[in-house]
Amino acid sequence: MNNKPRLLLYSLTIILLASLCACGNSGNGSPVEKTFDSDSINSISLKDPERALLLLDSAKLTRQIDDFEFNRLRSLIYFNGMDDANKALKYALDAYSLSSGCDNATTLLHLMDNIAHLYHIQGDYSRSIEFCTVGIKTAQDSVIPASEANLNLCLAQNLIMLHRKEEALSYFVKAIDILDAESREDNTYSASDDYAYALAVTTGALMNEGMTDEASHLLPRYEEAIDRLESKGDVPAGLADMRRASCYAMGAQLARLRGDADTASKLFSKLLSTKFAATPDACQLIIPHLFASGQYLEALKYLEKEKRS
């Protein structure tokens, strides 16, 4: 799990980008007049991170944002646009050290979730667990279920890496149950996608740890979550298709682990029928099946395709 598929990293990016909202206090404690639009950072941080940094520096020089906001957004740019987890963590921790003046619980919880995930990516599971634990308590006190679920999910990922499987499973279940309830009540796509993502992470983690029965039992729920996602009115193009491709890939891998080659082949064919399968990012879903089934030349073709991208 240290080398996450791009599919999961893409979802993590969505989660990180979702936290762009300001606390609204300047470094000296006085209100800031917000002419700086943090959504502009959101919109360009992936495609043009250098420009996003320049905009952020300009906003800081003209005192349109405080030090907390500056460091928090800088962390997001380094992670989302530059794939630099070290700098992202540095600036996230700088922001956290200034968070005492932040009266927006949602913003603070997003920051804590980001830090926990960044520590997890770097393999510092103990520090990640510390932020998860404090964050979960903060989310419960603030009655923000989505943040509580995301932190439970990260906590479970840390525990699974520490081989505390049964304990991890209990936190995975907490996370997906909370997000299930949230997605039923929310008419927007984001809650349903968070739910589908949590199921994908949980299924993949259990499968990697050899808990194939537990992982297989989650697949029907994952498919239902994707159906729910598709029922929302504002779903970004290709998102549900990407999730479904992931579901087929994991289903094929689980079937193969159970020795059911026919089911694995059928699910792999369904994977190839998705639009996502034609994209370079799908290579990491396709190659494992080709390799496991002895289709080495075909696997090499996809590896070359991924290398070119």
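The structure we're discussing is the one just above.
Below is a short write-up of the structure.

What counts, and where the lines are drawn
Residues numbered from 1 in each chain as written. Predicted model: local features only at pLDDT ≥ 70, side-chain atom pairs only at ≥ 80, totals over all residues. Heavy atoms only, no water. Phe/Tyr/Trp six-rings, centres within 6.5 Å; stacked < 30°, edge-to-face > 60°. Helix = DSSP H or I, 4+ residues; strand = E, 2+ residues; numbered from the N terminus. Buried < 20%, exposed > 50% of the residue type's maximum accessible area, 1.4 Å probe, protein only. Lys NZ or Arg CZ within 6 Å of the ring centre and 35° of its normal. Axes fitted to C-alpha atoms, helices over the stretch in contact; angles between N-to-C directions. Parallel < 35°, antiparallel > 145°, perpendicular 65-115°, else oblique. Left-handed = near helix turned anticlockwise from the far one by under 90°. Contact = heavy atoms within 4.5 Å. Nonpolar A, V, L, I, M, F, W, Y, C, P; charged D, E, K, R; others polar. Core = buried A, V, L, I, M, F, W, Y, C linked by side-chain atoms within 4.5 Å. Expected span 1.5 Å × (residues − 1). Arc of directions from axis to C-beta.

### Quick word on the packing of aromatic side chains
This structure, assessed with the given rule, holds four aromatic pairs. A centroid spacing of 5.2 Å and a plane angle of 65° characterise the contact between Y96 and F131, whose relative ring orientation is edge-to-face. Placement of the pair is Y96 in helix α5 (residues 85-97) and F131 in helix α7 (residues 125-142), with a sequence separation of 35 residues. By relative accessible area, F131 is classed as buried at 7%. Where F291 meets Y296, the ring centres are 5.6 Å apart and the plane angle is 65°; that geometry is what we call edge-to-face. By relative accessible area, which is 49% here, Y296 ends up partly exposed. A network of ring pairs unites the aromatic residues Y96, Y119 and F131 as a single cluster. The side chain of R74 reaches across the aromatic face of Y91, ending 5.3 Å from its centre.

### Observations regarding the packing of helix α6 (residues 105-121) against helix α8 (residues 145-161)
Packing of α6 against α8 leaves a shortest axis separation of 10 Å and a crossing angle of 15°. As judged from the angle between their axes, α6 and α8 are roughly parallel. Read as a crossing pair, α6 and α8 show a hand that is left-handed. Contact residues: α6 offers L109, M112, D113, A116, H117 and H120, while α8 offers S147, N150, L151, C154, Q157, N158 and M161. When grouped by side-chain class, the residues that make up the contact of α6 with α8 number six nonpolar, six polar and one charged.

### Section: the environment of A215
With respect to the helices, strands and loops of the structure, A215 is situated in helix α11 (residues 212-231). For A215, a relative accessible area of 0% puts it in the buried group. Separated by 15 residues in the primary sequence, A215 and A200 place their C-alpha atoms 9.6 Å from one another. What A215 contacts, discounting residues up to four positions off in sequence, is T203, L206, M207 and L254.

### Thoughts on unusual backbone geometry
The backbone of R63 sits at a positive phi, close to 60°, despite the residue not being glycine. Relative to the assigned elements, R63 resides in the loop between α3 (49-61) and α4 (67-80). Even without glycine at this site, H163 takes up a positive phi of about 65°. Here H163 falls in the exposed class, since its relative accessible area comes to 60%.

### What to know about the environment of D194
Residue placement: D194 occurs in helix α10 (residues 189-208). Considering only alpha carbons, one finds D194 and A146, 48 residues apart in sequence, at a separation of 8.6 Å.

### A look at the nonpolar core
By size, the foremost hydrophobic cluster in this structure holds 72 residues, and its most contacted members are L56, I115, L118, L153, F172, L199 and Y222. At 10 residues, the largest contribution of residues to this core is made by α10. Setting aside anything within four residues of it in sequence, one finds F172 in contact with L153, A156, Q157, I160, V201, T202 and A205. Counting 21 residues, the second largest nonpolar core, distinct from the first, contains A240, L267, F276 and A282.

### Remarks on α7
Look at α7: 25 Å from first C-alpha to last across 18 residues, which is about the 26 Å you get at 1.5 Å a residue. Taken as a whole, α7 has its buried residues at Y125, S128, I129, F131, C132, G135, I136 and A139. Considered in projection along α7, the buried side chains sweep an arc of 165° and stay on one side of the axis. Looking at the packing, one finds that the buried side of α7 touches α5, α6 and α8. One or two positions beyond α7, positive phi appears at V143, with a value near 55°.

Any functional reading would require information beyond the geometric quantities listed.
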